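Architecture and fold: a report
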Amino acid sequence: MSIESVLQENRVFAPPEGFAARAHIKSLAEYRKLYAEAERDPDAYWAARANEELHWQTPFTKVSEWQAPHAKWFLGGKTNLSYNCLDRHLEKRGDHLALRFEGEPKDSLTLTYRELHARVCRLANALKALGVKPGDRVGIYLPMTSEAVIAMLACARIGAVHSVVFGGFSAEALRDRMADAGAKVLLTADGGWRKGGVVPLLENVRAAVAAGIPSLQKVVVAQRTGVSLELKGNEVGWNALCEKQPATCEPEWVDSEHPLFILYTSGSTGKPKGVLHTTAGYGMWASLTSRWVFDLRHDDVYWCTADVGWVTGHSYVVYGPLMNGVTVVMYEGAPTTPGPDRFWDIIERHRVTILYTAPTAIRAFMRLGDEHVKKHDLRSLRLLGSVGEPINPEAWMWYRDVVGGGRCPVVDTWWQTETGGILVTPLPGATPTKPGSATLPLPGIHPAVLDDHGQKVEQGGGKLFVVKPWPSMLRTIWGDDARFKTTYFSEREGLYFTGDGARVDADGYLWLMGRVDDVVNVAGHRLGTAEVESALVSEGRVAEAAVVGRPDDLKGTALVAFVTLKAGVEAGDEMKAALLKHVGKEIGAIARPDEIRFASALPKTRSGKIMRRLLRDVAAGKDSKQDTTTLEDLSVLAALRNDEE
Ligand code: WTA
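Heads up: these notes are all about the structure in this document. Residue positions are given per chain, counting from 1 as you read along its sequence in written order. Two thresholds apply to this predicted model, a pLDDT of at least 70 for residue-level local features and 80 or more for giving and counting side-chain atom pairs, whereas whole-chain, interface and lining totals are computed over all residues. Water and hydrogen atoms were dropped before computing side-chain values, which therefore reflect all heavy atoms in the structure.

**So, the overall build of the chain**
Helix numbering and strand numbering both begin at the N terminus, where a helix is a DSSP run of H or I of at least 4 residues and a strand a DSSP run of E of at least 2. Looking only at helices and strands, the chain features 20 helices and 30 strands. Throughout, the radius of gyration refers to the C-alpha atoms, and the reference size of a globule is 2.2 Å times the residue count to the power 0.38. For the chain, the C-alpha radius of gyration of 24 Å lies close to 26 Å, the compact-globule estimate for 645 residues. Projected onto its principal axes, the C-alpha coordinates of the chain cover approximately 70 × 60 × 50 Å. Whether a residue is buried, partly exposed or exposed follows from its accessible area with a 1.4 Å probe, protein chains only, as a fraction of its type maximum: under 20%, in between, or over 50%, in that order. Among the 645 residues that make up the chain, the fraction classed as buried is 62%. Sequence-distant contacts, at least 24 apart, represent 71% of the contacts inside the chain between residues at least 6 apart. What makes two residues a contact is simply this: any of their non-hydrogen atoms within 4.5 Å.

See the structure below:
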């Protein structure tokens, strides 16, 4: 049975005229032409793009090789992504600002491309002095400070493979990842600022090291919070190490397929997977998609709020924007510290032109109220982006109207750690948008919605696959190629399975419906829980909703909704009745939750995704045995459980 879609959304927004006229891709016709070109002769298309995006020290001799599930791109070529991010800009635009960093305590640092280049080179030389060779793994466990960017680019410069671990992860999670990657050196800091307190990074590193990372030889410690820094054992100070190093470093010209980074991502079961990306294919796609999707030009002040510990931070804080020579804003801390308007304050003071953030943040701001946004002059903004989860139409509309003043195109970008870069998205000057839809695939990308028999669904719901290889696809899972095959290429032999459910509408637009694990079968109807959530949020008084299934004798599965309300709204039977009625009206009786539970917050991963698998256990009254290493706030879960008692 295919997945039924029940969401009704009829609003369409054309790209703003003035925007389209100046955009890199100016019309739907232009997009369609590129799409057709890529389809007709993929190798010629990709070769042209790779030559435009990257500096090639040695040109590639073959465009691609595909022996499912293994891909190789731009074979025989040599390049270096640190060179592409930095050196390429030095001659003409070396004094242009590369980074505008703002710490949570409001300290700041700006670095021009020239200054960033010098810092990267010093660290690259220092890593070499520590014995790091091309192909060696280097761990990065840093706050969102300039050091994180410098660390990644220094690794890329010498051909070392970086593996960034999000600073919010525990010592145990850090140990597992570093041991799996076989990291030789770990770059960290004394701590980072979050919600007015210090995240004890060095303490966590010490606990991780004590638990055992056999490959680890050195820990390099940057000073951030000024907590007392008595280095011990194999620890060395970042500044002391870099000071003595020269400010230039010849880049290591690596093969296109040389590994660039390993990034761990958690699956719904089992230990985290080390997603491996290589150099040229990943780099050309990060660069190209940044320019097309965010319509980047040199004078943009671009802010992607993701942490470098996630793939969004890799592709769209560091590699993509820097290859395009723009000014990147980086913010260290929490979105509501010291007040609910910190984001808007940052946008106003730095004159941010492009904002790329996550639905979870957008919904949180919606809940806090419009007044915090309206207090600030946000007229510098010209484009808004969203990533990480399906964005509910109501949140999309709020983002567009309240944050974007109704004048900025909104790009809802669908992609994954595994895809390396954005695959499905509107192009802001070309694609008419529909709130809640990631719209159409980029040229060269071939997604397909398939039913359970593997038949292509022309209109309707099913599982989302990508049926042709693309340059920035993951190459394998580090150390576990068998798991790579079973996870991504066994659902349908040879086709990349995304794990997501999606619907295609009459215009061929894609509507992402969440992970297929989040699809429930209610009385014979397979519903995407994301759609029921959208219906709940559209009632107007709901801030956020998560809907999960609970085993039910009668219906197979019953729907349980966890709902947080906007500030000042009262929970109670009257509210429950209103919500049931509303969902009945929006979707139909079939989607009316069997149970509604009000909560003050929902459990989330640190990257903001609602942890539905935990909610499923709560709904079923089970004690969760699930891995909670990525859970942001365990107290939220405890509160949900107590509610029952
Ligand atoms: C979800 C983040 C709907 C999806 C870049 C995907 C989305 C998973 C969207 C990957 C979107 C991401 N609309 N769902 N625009 N973007 N997702 O690896 O379920 O952290 O498979 O990569 O997030 O999450 P990841």
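**Concerning the site of the ligand**
Around the ligand sit 16 residues, and of these Asp412, Thr413, Thr417, Asp500 and Arg515 come closest. Note that an oxygen atom of the ligand is positioned 2.6 Å from one of the side-chain N or O atoms of Thr417. Burial of the ligand by the surrounding chains reaches 92%, relative to a free accessible area of 520 Å². Elements supplying a minimum of two residues to the shell around the ligand: α11 (311-323) and β25 (510-515). Residue polarity follows a fixed list, in which Ala, Val, Leu, Ile, Met, Phe, Trp, Tyr, Cys and Pro are nonpolar, Asp, Glu, Lys and Arg are charged, and the others, Gly among them, are polar. For the shell around the ligand, the class distribution of residues is six nonpolar, five polar and five charged. Any residue with a heavy atom positioned within 4 Å of a molecule or strand is treated as near that molecule or strand. Two N or O atoms form a polar contact when they lie within 3.5 Å of each other; inside protein one atom must be a possible hydrogen donor and the other a possible acceptor, and for residues adjacent in sequence the pair counts only when both atoms belong to side chains. Every accessible area reported is derived by Shrake-Rupley at a probe size of 1.4 Å, with residue values counting cover from the shown protein chains alone.

**Points about the sheet that holds strand β5 (residues 108-112)**
A pair of strands is treated as paired once DSSP finds two or more bridges between them. Taken in spatial order, the seven strands make up an open sheet running β5-β4-β17-β16-β18-β19-β20, and their pairing is mixed. What marks the edges here is a single partner per strand, and that holds for β5 and β20 (410-412). The average undirected angle you get between the axes of adjacent strands in this sheet is 15 degrees. Of the pairings in the sheet, the one linking strand β18 (residues 354-357) to strand β19 (residues 383-386) comprises four bridges and is parallel in character. Paired with Tyr356 across the strands is Gly385, a residue of β19. In this analysis an axis means a line fitted to C-alpha atoms, helices contributing only their contacting stretch, and an angle means the value between N-to-C directions, from 0 to 180 degrees. Each of β4 (97-102) and β5 touches helix α5 (residues 113-129); the most contacted strand, β5, lies at about 95 degrees to it.

**Re the sheet that holds strand β28 (residues 542-552)**
Reading across from one edge, β28-β29-β30 is the order of the three strands in this open sheet, with mixed pairing throughout. In the strand order of this sheet, the two ends are held by β28 and β30 (595-598), each with one partner. In this sheet, adjacent strand axes meet at a mean angle of 25 degrees when their direction is disregarded. Sheet analysis places β28 next to strand β29 (residues 556-565), joined by ten bridges and oriented antiparallel.

**Considerations on helix α4 (residues 81-93)**
Here α4 spans 18 Å end to end across 13 residues, near enough to the 18 Å set by a 1.5 Å rise per residue. Those residues of α4 not exposed but buried are Leu81, Ser82, Asn84, Cys85, Leu86, Asp87, His89, Leu90 and Arg93. The opening residue of α4, the one whose side-chain oxygen lies 2.8 Å from the backbone nitrogen of Ser82, is Asn80. By this rule, a helix spans an expected 1.5 Å times one less than how many residues it contains.

**Observations concerning the nonpolar core**
Membership of the largest hydrophobic core comes to 141 residues, with the highest contact counts inside it found for Phe294 and Tyr319. With ten residues, the top contributor of residues to this core is helix α6 (residues 146-158). These domain boundaries are the output of an automatic or database domain assignment. Both domains that furnish three or more residues to this core are identified here as domain 1 (1-80 + 255-517) and domain 2 (111-252). In this structure Phe294 touches Thr289, Tyr302, Tyr316, Ile354, Tyr356, Arg382, Leu383, Val411 and Ile422, once residues within four positions along its chain are discounted. Here the nonpolar core consists of buried residues drawn from Ala, Val, Leu, Ile, Met, Phe, Trp, Tyr and Cys, with membership extended through side-chain atoms lying within 4.5 Å. In terms of nonpolar packing, the next biggest core, distinct from the first, is built from 29 residues, Ile346, Ile347, Val373 and Met397 among them.

**A short note on the packing of aromatic side chains**
Within 6.5 Å between ring centres, the rings of Phe, Tyr and Trp (the latter by its six-membered ring) count as paired, and their orientation is classed by plane angle as stacked under 30 degrees, edge-to-face over 60, tilted in between. Evaluation of the coordinates by the stated rule reveals 32 aromatic pairs. The interplanar angle of 25 degrees and the centroid separation of 5.5 Å between the aromatic rings of Phe13 and Trp396 together place this pair among those described as stacked. Here the residue Phe13 occupies a position in the segment before α1 (17-22), and Trp396 occupies one in helix α15 (residues 393-403), the gap between them amounting to 383 residues. The exposure class of Trp396 is buried, given its relative accessible area of 1%. An angle of 75 degrees between the planes, with centres 6.2 Å apart, marks the rings of Phe343 and Trp344 as edge-to-face. In this structure, Phe343 and Trp344 share a single accessibility class: buried. By way of ring pairs, the aromatic residues Tyr45, Trp46, Trp56, Phe60, Trp73, Phe74 and Trp285 are connected into one cluster. Ring-over charges, as used throughout, are those where CZ of Arg or NZ of Lys falls within 6 Å of the ring centre and within 35 degrees of the ring normal. Looking at Arg49, its charged tip hangs above the ring of Tyr45, at a distance of 4.8 Å from the centre. It is Lys434 that lies over the ring of Tyr509; its NZ or CZ is 4.4 Å from the centre.

**Focus: the pairing of strand β21 (residues 447-450)**
Of the two faces of β21, the one carrying Pro447 and Val449 and the one carrying Ala448 and Leu450 are both buried. Taken together, the four bridges between β21 and strand β22 (residues 460-466) define a ladder with antiparallel strand orientation. Across the sheet, the residue bridging to Val449 is Leu464, located in β22.

**Structural notes on the packing of helix α17 (residues 529-537) against helix α18 (residues 573-586)**
Across the interface, α17 lies against α18 with an axial gap of 9 Å and an inter-helix angle of 120 degrees. The pairing of α17 with α18 is recorded here as oblique in orientation. The crossing of α17 and α18 is right-handed. Contacts between α17 and α18 pair Val532, Ala535 and Leu536 from the former with Leu579, His582, Val583 and Glu586 from the latter. A class-by-class count of the residues in the contact of α17 with α18 yields five nonpolar, one polar and one charged. Should an angle fall under 35 degrees it is called roughly parallel, over 145 degrees roughly antiparallel, and 65 to 115 degrees roughly perpendicular, with every other angle called oblique. For any helix crossing, the convention is left-handed if the near helix is rotated counterclockwise from the far helix by under a right angle, and right-handed if that rotation is clockwise.

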